[in-house]
Structure formats: C-alpha cells, structure tokens
Amino acid sequence: GDSVTQMEGPVTLSEEAFLTINCTYTATGYPSLFWYVQYPGEGLQLLLKATKADDKGSNKGFEATYRKETTSFHLEKGSVQVSDSAVYFCALSENTGFQKLVFGTGTRLLVSP
Amino acid sequence: DAGITQSPRYKITETGRQVTLMCHQTWSHSYMFWYRQDLGHGLRLIYYSAAADITDKGEVSDGYVVSRSKTENFPLTLESATRSQTSVYFCASSDLAGTDTQYFGPGTRLTVL
C-alpha cells in the first residue's frame, strides 16, 4: 500500500540555520503531496502542497519540490526562526478513488535563539 | 465561531465505558474525517464521511462507531473503551476529497485508565 517515510527527529537548529526535512513516498499511481505543520497544542494545518511531478509548493519561506524520479518531497527553508518550532508531517493522496491522506510519522523541529 | 471545533478537549475515562467525542464544522464541507495520533505512528485514519449518512472505515476502525445525520456534525463513539485507545483524536473536514486541503480541529486528548 501507499506509505510515507520521514526522517526521524528531533531536528535541532539554531535560528537562521538552513532546514531540510527529508520525505520519500511509495505509491502505485501519481499522488498529490503535502506538508502539514502542527504547532504545540494545536491541530494540523496545511503548509504547502504539490499535485504533479516537478511542481514546487511554497509558503511562509518553506519550499518542497515534487521529485517523481526519486519519489521525494523534501521540505526546505533557508533561515529558520524560533517560531518555526513544530512537528512537520509529510503526506500523500492518491488521485483516484477516495483519495485519503496517508501521513508520515512526523518530524519535530526545535529552533533555539 | 467559524471553523472546526472538538469537544471535549480533554477526557479521562475507565476501561469499558462508552465515550463520545464531538466534532462540528461551520463550512458545510462535504468530507469529514477522524484520525488518531500516536507517537511513532503519525496520524491514522479511523473513519471518514463523504456526506451526511455516508460513512466508511479507515485503517484503524475496530472499536469505534461514527454517525453523520447532519453535514456539520461527525461524532465518534468508543463503544467500550480500552487502554489502547488512549490517544489524541483529531477531526478534520474538506470540501473535496484527498487533493483538497483538510482543516483540522484542535484535538481531544483521551486517556483510558
């Protein structure tokens, strides 16, 4: 079945450092890909998404490019802030049938001043 | 208030008790979802609903029951709570299926003693 694999956390960075959180997926078709973010004590919210190969999703300084050849959707940010401390979830949705979301296990990011 | 709300936010119950978690959304979204979040597993789908009176099982539905008599409400019932159902439960809604953004509630932390 479909699956998403994320790097284990926590990822600990100093403010203004470069961030990469790796995400790879397994899917039978051509899924849409998502990054959701969960701030402490809150529900998840969509950060960015890409619906086809080579698309780049971006929001709030975060970017991720849909790489079909490497089945990856790595999240990057050039300069992190303390306020970016959260748990980040990679997810996919097949574009056929019910199209449910399949989530990775999440990666906790801790940014210190 | 507009949005998606869950109640209660925190619940402690005993093994064998019936518990109902409430979810209410004000957008008239067609799709609603229940997930549970556990360390090491990310989010797993319990049940989903495509419209009022249409529900279907997710990957971890055993021991749970849902109903959807009105578009805006999607209660989740644990018929006889077990310790393994201790978790954080999130409700979500979306206007369309998978490729559309899902909007998450703040979560209910349930502890079964």
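See the structure printed just above.
How each quantity is defined
- Here, residues in each chain are numbered from 1, in the same order as that chain's written sequence.
- Here the convention is simple: chains get letters from A, ligands get numbers from 1, in the order in which they are written.
- Only residues with pLDDT of at least 70 get local features here, since the model is predicted, and only at 80 or more are side-chain atom pairs given and counted; chain-wide, interface and lining totals rely on the full set of residues.
- Side-chain calculation: all heavy atoms of the structure are included, whereas hydrogens and water are not.
- Ring pairs are drawn from Phe, Tyr and Trp, using the six-membered ring of Trp, whenever the two centres fall within 6.5 Å, and their geometry is named by plane angle: stacked under 30 degrees, edge-to-face over 60, tilted for the rest.
- Here the term buried applies to any residue with accessible area under 20% of the maximum for its type, exposed to any over 50%, and partly exposed to those in between, with areas from a 1.4 Å probe on protein chains only.
- Put simply, DSSP marks the helices as runs of H or I at least four residues long and the strands as runs of E at least two long, and each gets a number from the N terminus on.
- The salt bridge criterion pairs a side-chain nitrogen of Lys or Arg with a carboxyl oxygen of Asp or Glu, the two atoms within 4 Å.
- Only protein atoms enter the 1 Å grid, on which a cavity is a set of points fitting a 1.4 Å probe that cannot get out and a pocket is an open set with protein on both sides within 12 Å along at least 5 of 7 lines, lining residues being those with an atom within 4 Å of a point.
- Grid points are joined across faces, edges and corners, and a volume is the space filled by probe spheres set on the points.
- Think of a nonpolar core as a cluster: buried Ala, Val, Leu, Ile, Met, Phe, Trp, Tyr and Cys residues, connected wherever their side-chain atoms sit within 4.5 Å.
- The contact criterion used is simple: two residues touch if any of their non-hydrogen atoms lie within 4.5 Å.
- Values labelled buried area give the accessible surface lost by two parts on being combined, using a 1.4 Å probe and summing over both.
- In the analysis that follows, any N or O atom pair within 3.5 Å is treated as a polar contact, provided that within protein one partner can donate a hydrogen and the other can accept it, and provided that, for residues neighboring in sequence, both atoms belong to side chains.
- Gly is put with the polar residues, along with every residue not named as nonpolar or charged; the nonpolar set is Ala, Val, Leu, Ile, Met, Phe, Trp, Tyr, Cys and Pro, and the charged set is Asp, Glu, Lys and Arg.
- Here a strand pair is declared whenever DSSP counts at least two bridges between the two strands.
- Geometry is summarised by axes, namely lines fitted to C-alpha atoms with helices restricted to the contacting stretch, and by angles between N-to-C directions that run from 0 to 180 degrees.

Attention now goes to the packing of aromatic side chains. Residue and element names in this part refer to chain A. Applying the stated criterion to the full structure yields 13 aromatic pairs over all chains. With a centroid separation of 6.2 Å and an interplanar angle of 35°, the aromatic rings of F34 and Y36 are classed as tilted. F34 sits in the buried class, given a relative accessible area of 0%. Where F89 meets F103, the ring centres are 6.3 Å apart and the plane angle is 90°; that geometry is what we call edge-to-face. Pair noted here: F89 is in strand β10 (residues 86-93) and F103 is in strand β11 (residues 101-103), with a separation of 14 residues, a long-range link. The same class applies to F89 and to F103, which are both buried.

Before going further, it helps to spend a moment on the pattern of salt bridges. Residue and element names in this part refer to chain A. Within the structure shown, the criterion is met by six salt bridges over all chains. For K52, the salt bridge goes to D55, with nearest N and O atoms at 3.4 Å. Assessed through its relative accessible area of 22%, D55 is described here as partly exposed.

Right, let's talk about the layout of surface pockets for a bit. Approximately 740 Å³ is the volume attributed to the largest pocket. Forming the boundary of the largest pocket are 33 residues, of which Q38, V87 and R108 of chain A together with Q37 and L39 of chain B lie nearest the centre. When residues of the lining of the largest pocket are traced back to their parent elements, those giving at least two are β10 and β12 (107-112) of chain A together with β4 (31-38), β9 (87-94) and β11 (108-112) of chain B. Looking at which element gives the most residues to the lining of the largest pocket, the answer is β11 of chain B, with four residues.

Now for the nonpolar core. One finds L19, W35, L47, L48, F73, L75 and Y88 of chain A to be the most contacted residues of the largest nonpolar core, which totals 27 residues. Elements with a contribution of two residues or more to this core: β2 (11-14), β3 (19-21), β4 (23-26), β5 (32-38), β6 (44-50), β8 (62-65), β10 and β12 of chain A. In terms of residues, this core owes the most to one element, β10 of chain A, which gives four residues. In this view, L19 of chain A contacts V11, L13, F62, L75, E76, K77, V80 and L109 of chain A; residues no more than four positions away in its chain are not counted. Listed in part, the 19 residues of the second largest apolar core include M32, L78, A81 and C91 of chain B.

Here we take up the interface of chain A and chain B. In this assembly, 20 residues from chain A lie in contact with 21 residues from chain B. Of the roughly 1,600 Å² buried at the junction of chain A and chain B (both faces included), carbon and sulfur atoms supply 60%. Across the chain A-chain B interface, the total number found is zero salt bridges. Where chain A meets chain B, there are two residue pairs in polar contact (both at pLDDT 80 or more). For the side of chain A that touches chain B, the secondary-structure elements that each account for two or more residues are β5, β6, β10 and β11 of chain A. In terms of residue count, the dominant contributor to the side of chain A that touches chain B is β5 of chain A (four residues). Its residues placed into classes, the side of chain A that touches chain B shows eight nonpolar, nine polar and three charged.

Let us look at the sheet that holds strand β3 (residues 19-25) of chain B. Residues and elements named next belong to chain B. Across the sheet, four strands lie side by side as β1-β3-β8-β7; this open sheet has antiparallel pairing. This sheet does not close on itself; its edge strands, each paired only once, are β1 (4-7) and β7 (64-66). In this sheet, adjacent strand axes meet at a mean angle of 20° when their direction is disregarded. By the bridge criterion, four bridges tie β1 to β3 in an arrangement that is antiparallel. By the bridge assignment, Q6 is partnered in β3 with C23.

The next subject is unusual backbone geometry. Of the consecutive residues G9 of chain A and P10 of chain A, the connecting peptide bond is found in the cis state with omega at 0°. As for its placement among the helices and strands, P10 of chain A is situated in the loop between β1 (3-6) and β2. For the bond from S7 of chain B to P8 of chain B, the omega torsion is -10°, close enough to zero to count as cis. Relative to the elements of secondary structure, P8 of chain B occurs in the loop between β1 and β2 (10-13). For E16 of chain A, which is not glycine, the phi torsion reads 80° and is therefore positive. Looking at the element boundaries, E16 of chain A is found in the loop between β2 and β3. Assessed through its relative accessible area of 61%, E16 of chain A is described here as exposed.

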